[in-house]
Structure formats: structure tokens, C-alpha cells
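# Inside the fold
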Protein chains: 2
Amino acid sequence: MTAAKRCGRLFVIGLGPGDARFLTAEAQQALSAAQYVIGYAPYVARVPVTPGQTRLASDNRVEIARAEEALRLSASGSDVAVVSGGDPGIFAMAAAVLEAIDNGDPAWRDLDIEILPGISAMQAAAARLGAPLGHDFCVISLSDNLKPWEVIANRLELAARADFVMAFYNPASRARPQRIHDTFALLRRVLPADRIVVFAKSVGRAEENIAIATLGDADPSVVDMSTLVLIGASGTKLVSRENAPPFVYTSRKAI
Amino acid sequence: MTAAKRCGRLFVIGLGPGDARFLTAEAQQALSAAQYVIGYAPYVARVPVTPGQTRLASDNRVEIARAEEALRLSASGSDVAVVSGGDPGIFAMAAAVLEAIDNGDPAWRDLDIEILPGISAMQAAAARLGAPLGHDFCVISLSDNLKPWEVIANRLELAARADFVMAFYNPASRARPQRIHDTFALLRRVLPADRIVVFAKSVGRAEENIAIATLGDADPSVVDMSTLVLIGASGTKLVSRENAPPFVYTSRKAI
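Residues numbered from 1 in each chain as written. Chains lettered and ligands numbered in written order. Predicted model: local features only at pLDDT ≥ 70, side-chain atom pairs only at ≥ 80, totals over all residues. Heavy atoms only, no water.

## Description of the interface of chain A and chain B
- With 68 residues of chain A at the interface, the matching set in chain B holds 69 residues.
- For the pair chain A and chain B, the summed buried surface comes to about 6,200 Å²; carbon and sulfur atoms form 58% of the total.
- Between the two partners, chain A and chain B, sit 14 salt bridges.
- Residue K147(A) pairs with D136(B) through a salt bridge whose shortest N-O separation is 2.5 Å.
- At the junction of chain A with chain B, the criterion picks out 39 residue pairs in polar contact (both at pLDDT 80 or more).
- Here the side of chain A that touches chain B takes 7 residues from helix α4 (residues 93-103) of chain A, the largest share from any one element.
- For the side of chain A that touches chain B, the per-class residue count stands at 36 nonpolar, 14 polar and 18 charged. (Contact = heavy atoms within 4.5 Å. Buried area = accessible area lost by both parts, 1.4 Å probe. Salt bridge = Lys/Arg side-chain N within 4 Å of Asp/Glu carboxyl O. Polar contact = N/O pair within 3.5 Å; in protein donor to acceptor, adjacent residues only side chain to side chain. Helix = DSSP H or I, 4+ residues; strand = E, 2+ residues; numbered from the N terminus. Nonpolar A, V, L, I, M, F, W, Y, C, P; charged D, E, K, R; others polar.)

The structure is reproduced here in C-alpha cells:
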């Protein structure tokens, strides 16, 4: 009898938005069981050290190469954790792993792969604010690295006309500082100036900073890659408070 | 010196989609510390029993009355946990609590309120499938209890034209069995018949059932209130597997 070759397990894990209090029980367990932890360096740095575990931290923008490395290690018998901030399923590593499988070694399709969801940045920001995502909303990446700007602009315009609350990921980087300005110029043509706008920076981390403004007044030049941008719908309202910033919520009766 | 009246804390907590493995560390802690646990009966039933804790389970569709009860208890000095399945910020109790504050006793605005996000049904479904929410998506409630159907229909049509992946909450109830059929009729006029459709029922629970079809073939009459409906975008693809259902993912290059 020949021993069957053992394949390892591949976990694609969401770490949530920063603090360990957002980790799910299953994510915690998988992180401590893995032999390899692979991801963008700042996310790997957040994973508690487990003795004997190998940590492979890589640069941003190498998602496919990182996914392929994880798949190779898993195929050769190791238990591997690929880590993302937030939810791996929302603009993060799960799509990259699936793309690598789709275009890679056919044997990768039958690996033991499990995706463990996490709290995404928009959920943590919403929870800090009140309930801005309490009614119909959409989530758009403003990065035009992988799609033409015209596609994004058309989507923004239709989303504004549909009266969605909008959450923007990847709103601005040093290489693309202009797109958040283009976005605000477009939205100001379609939506009233009193729409509520929130810039939620580094939610759940020590440097957290949340600013509430209107579409007319907001200054998009403060936005960077760690900022989650929310644009309210017609039903998004403020509830003022005596000793704290106002709550922001979207009425369930929103029209 | 007069002792200041002590107000309690109010936690609005997301339990995730069913299994305790989805609970975050902070949610677990707040649940065990609360004096009252308040929510829709099936969600309260999921909370582990803590001795001395009072559990107030209520019917569906009484969100505002439930929120007001929680606010009154908290204002009179108790620590209260309002529980939702999934994420309280996504079509759940956080918006109802904020609405009750907005229209209720002004003193409620300055209570110590904390919203603790949870894994939403769409995230758990996406993780089981692969990465269908890996690119721009929108989330729509199909319930016309609180908004006219025409608003929903217009939003659906614009979302389809914007080429969003779509997730539908509240897709059908015994009182409103027709809306999911209206939705499919509308989408079939706007989108190609080969768009991928997923019906994800009771994800994360024992009775979990996931069906993958196309917009042309899918039978919406199987959809009930515990089903999360996903409609793929043009970039949503299947990756076939030998011994398992195909992966579903949305390419980050989606156009």
C-alpha cells in the first residue's frame, strides 16, 4: 500500500479592522493552527506569534503571487493561513486566491480551502457612527488599477441616481490621488449638497479619526488609503448629542 | 453630595449568521456581562445562558417597541444587550435603535451606547462560495413593508445597469411571496440569462443549503426569508471542482 500524498489546508482569514476584539472564534483558532501565515506585511504583523509558525510578509499589489505561494505550500502538505484585514471576501485576498486557482495548476481546485469571513472596515465604521448602512447600500472600489475609470464613473452615477448609501474602498493612493476628487465632482453634479458624508480613518485602531460633513462642504483631500468614505442616501440622518459627535443612521423608511 | 443617577450601558450586538464560531471576541464579552438580553426570539435563543441574566424574547416586526424597551431599561440603570442575527448595522436592530432615539426621549441621546458589528449573512454565504463579493456590489432589501415597490424596482434596474453584484435581504415572506418573482422578472428583462444566481439558505446552520444556477434557469419559488439571494455581475465566474460544488468568484478586473 502506498501512502496517499497529504495535502494541507488553506485558510483565507479575515482579521477585521485592526483590534483583536473584532476577531471571530474560528479565525482565532485557524490562525494558531496554521504552519504558515502569509499576507501583506501590516496584516501579518497583527497576527499573534505562534512558536514554530513561519510568517511570510509581502508587499502590497502582489496579491496573485502571494495567493500562488499559499496554494503551492498547501498542495505540498502544509496548513496555510492567508490573512487579510477586514473581510477577505470584500476587496481582499479571497478573490485573488480564486483567480489564482482559476488560472493555475488544475490540482489546486481540489485543495481543502476554507474562507473565514471577518468584520469589514465599512461595518466597523458604521458601528462607530450608528447605523448608516441600515438601508440599501453599495460598495465600490475607486481604484482604476484593474478597471477603466469610465466604468467606475458610470457606476457612481447610477448608484447616486438609485439613492444608495455608498461606501468607497481604495479611495486614494499616492499613485492615484485624483480619483477621490473626480468622484466628489461627479457626485456634486448628481446629488444635493446637503447629503451626509463621512470620512472614517483607521477605524478600530489607535489613530482612528471620524469626520462628518456634507457633500457640499467635505474636503476630499484629507482622504487616504486607510479612509473609508461613506456617502449618505436621502434617508441618512444625524441625531445630535450633548457630549459626543452626532449619530448617523439611515432610516429604514428611506425613499 | 447627591449620588449621580447611574445609567446603564446599551450594547447592540451582532451574533453572526448562526454558529458561535462567527462571534467576535467583543460580542462574546458583552453578551456575558449584560443584565438583560433583548431580541427577536430565535436570536435570543442562540445566546448562551448566563445565570442572573433576564432574557426578553419578542416577535418579529416589533423592532421599534423592542428598541424603546431596551433604551428605557438602560436609562434606568441596567446593562442591556440588544441582539441581532448577522450584523446589527445591516438591515437589523441598530437602525431601529437609532430611529427610536431620534423620535423618543431626548435623554436617550446621551446614553452610553455601543454597536458591536457581526458577520452578516452575505459574508458567510460569500465565504462558503468563494469570493462572489470580491468586486463592487450592492445590498438591497426586497421588503416593501416600509417603502413602495416602485422605489425598489427602480433601484434594482439601476443596480443591474451599473453591473453590480447584488445581494438581496428579506427576499420573500408568507405575507409577500410575490416580490422575489417580480424581481426576477425585472432582472430577466435587463440582464443576460447566463448571469450566475445563488440561493444560500440558512448559511452557518445545520439546515444550510446552497444552490447555484443562472438567471435564466433559477426558480425563485424556493426562496424564503432565511435565503440570501446573490445575483452575479458580468465578472462573476464559476471554477469547477472534482469533488465539490464549483467556487463562485467575481474577478477584480470586472467590467
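## Considerations on the sheet that holds strand β6 (residues 130-131) of chain B
- Strand order across the open sheet formed by 3 strands is β6-β13-β12 (chain B), with mixed pairing between neighbours. Each having just a single partner strand, β6 and β12 (236-239) of chain B make up the two edges of the open sheet.
- Taken together, the 4 bridges between β12(B) and strand β13 (residues 247-250) of chain B define a ladder with antiparallel strand orientation. Among the inter-strand pairings, V239(B) is bridged to a residue of β13(B), identified as F247(B).
- Of the strands in this sheet, β6, β12 and β13 of chain B are in contact with α4(A), which crosses β13(B) at around 115 degrees. (Pairing = 2+ DSSP bridges. Axes fitted to C-alpha atoms, helices over the stretch in contact; angles between N-to-C directions.)

## Observations regarding the packing of aromatic side chains
- Taken as a whole and judged by the stated rule, the model has 7 aromatic pairs over all chains.
- For the pair F164(A) and F164(B), a centre-to-centre distance of 6.1 Å together with 70 degrees between the ring planes defines the contact as edge-to-face. On the criterion of chain membership, the pair formed by F164(A) in the loop between α6 (149-161) and β8 (165-169) and F164(B) in the loop between α6 (149-161) and β8 (165-169) is interchain, its members lying in two chains. Both residues of the pair, F164(A) and F164(B), count as buried.
- Here F184(A) and F199(A) contribute two aromatic rings whose centre-to-centre distance is 5.9 Å and whose plane-to-plane angle is 50 degrees, an arrangement assigned as tilted. (Phe/Tyr/Trp six-rings, centres within 6.5 Å; stacked < 30°, edge-to-face > 60°. Buried < 20%, exposed > 50% of the residue type's maximum accessible area, 1.4 Å probe, protein only.)

## Details of helix α1 (residues 25-33) of chain B
All names here are of chain B.
- Taken together, the buried positions of α1 are occupied by E26, A27, A30 and L31. Axial view of α1: buried residues confined to an arc of 135 degrees, hence all on one face. Facing away from the buried surface of α1 by more than 90 degrees, the exposed residues are Q29 and A33. (Arc of directions from axis to C-beta.)

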